[in-house]
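Descriptive analysis of the structure
The primary structure of each chain is shown beneath.
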Amino acid sequence: MQAKFEEFFQRVKNQTTYDEEELFKLVESSRVTQEVKKEKVASFANILFKLTKSTPSDSINATIIKQVNDDAQKYINEVKGDVNVSFTIALIFITITELFKQDASINSLLNNASTILVNILYKQGDHIDSMDLLIETFEKLSRKTNDENKRMYYVSRSNEIARYKIDFQSGKEVKLSPTSSEKLQKAFAYKEKGTDAFKKNDWKGAIFNYHCANNYVTGLMGLGDEEDTISKNLVLVLTNNIAICNMKLGKFNRSIELLDQVLKSDPNNVKALYRRGKCLIAEKQYVHAEEDLEKALTLTPNDKEIMAELKVLKCLINNNNNNNNNNNNNNNNNNNNNNNNNNNNNNNNNNNNNNNNNNNNNNNNNNNNNNNNNNNNNNNNNNNNNNNK
């Protein structure tokens, strides 16, 4: 069947028109039943063909791819996931990618084809054609990507489906692992539980559920472009939410670490800048806090919360400066007092020394006088003795 679609699209690729009845018959031969369903698939294929005509011969731009992906999902929803309709749309996707091999952006069509085929197997686990086409699709994706992590993911998924087919054909009970799309939905479910806990001021409960959501969504592979963007944004939101819960618990350093991660991926994330600014204030890192809050205010001028926080910060900075000045004055006063005390002590010591010197001099003089007197007395005694003789 794939070869027939490929031959048809290859043949009409460079034509301005083609026989729509031929396409309709081609869809009919793909086991799509009921007129309304056949018309929907043929209509989708016709839209896809016409869209490719509005682009250069070997590329399809991102806008067209998104429109095609949206149309495909719309048709699948309208037929309530009919297996044959879904399979035919996936087949058309894969066929179209063969016509635009040089365009890397076409990989999103292959990703969407793989998602459609996996959903078929969840609905009808014995659909061998979907197994074969899914193995082929994952192998193509592994060859087209330059990302080693993605390449390994696609190889492992291809091997998983191959084992699934072998086990199914041997009569074993088989079960597929959750798809990346399912994991993304579970992540959103846990996020909602976390938000409910947050509203009840249950910070620890909120952190638990946000972490569960983060475990499901981190490193998801095999998503379409739109879901891939959604998952990456969800990681940032969850990290931001875990940070504010830690902030509520007074774990400011942990919050700063988490907000650093957010701002590394999204430097202009206003919530992260504002929250990190508040945490930095709590840690008295006023200079860095001011940088974050000023940047946040530049990104969202006139934000009342940010302006109020900046006002608080400026008051803290002024108080801090005043305290520093008072401390300097106290230090100066202490130094002056110490100098005065030292001077007084020196003066007292000098006075004591002078007094001691004076006392010593007086004692010396007295001693000298006494000595002189003694000498005089001795002389007088000598004279008297002489006279007596």
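Model, not experiment: these values are computed from the prediction.

1. Regarding the overall build of the protein
Regarding its fold elements, the protein presents 15 helices and 0 strands. The burial tally for the protein puts 39% of its 389 residues in the buried class. Contacts spanning at least 24 positions in sequence make up 61% of the contacts within the protein whose residues lie at least 6 apart. By element, 42% of the accessible surface of the protein is carried by carbon and sulfur atoms, the whole surface being about 22500 Å².

2. Focus on unusual backbone geometry
Here asparagine 201, not a glycine, exhibits a phi torsion of approximately 60 degrees, which is positive. Of note, the phi angle at lysine 284 is positive, near 60 degrees, even though the residue is not glycine. Take lysine 284: it is sitting in the loop between helix H13 (270–282) and helix H14 (286–299).

3. With respect to the environment of alanine 90
With respect to the helices and strands, the residue alanine 90 is situated in helix H5 (residues 83–99). Alanine 90 sits in the buried class, given a relative accessible area of 0%. With 44 residues separating them in the primary sequence, alanine 90 and leucine 134 have C-alpha atoms 9.5 Å apart. Discounting residues that sit within four places of it in the chain, alanine 90 has contacts with Ala113, Ile116 and Leu117.

Quick notes on the rules
For every chain, the first residue of the written sequence is number 1, and numbering continues from 1 along that sequence. With the structure being a predicted model, the display of local features is reserved for residues of pLDDT at least 70 and the display and counting of side-chain atom pairs for 80 or more, all residues being used for whole-chain, interface and lining totals. Here the side-chain values reflect all heavy atoms present in the structure, with hydrogen atoms and water set aside. Here a helix means four or more residues in a row that DSSP labels H or I, a strand means two or more in a row labelled E, and each is numbered from the N terminus. Exposure classes here rest on a 1.4 Å probe applied to the protein chains alone. A residue is buried below 20% of its type maximum, exposed above 50%, and partly exposed in between. Residue contacts are defined here by distance: any two heavy atoms, one from each residue, within 4.5 Å place the two residues in contact. Only the protein chains shown count as cover for residues, and the accessible areas themselves come from Shrake-Rupley with a 1.4 Å probe.

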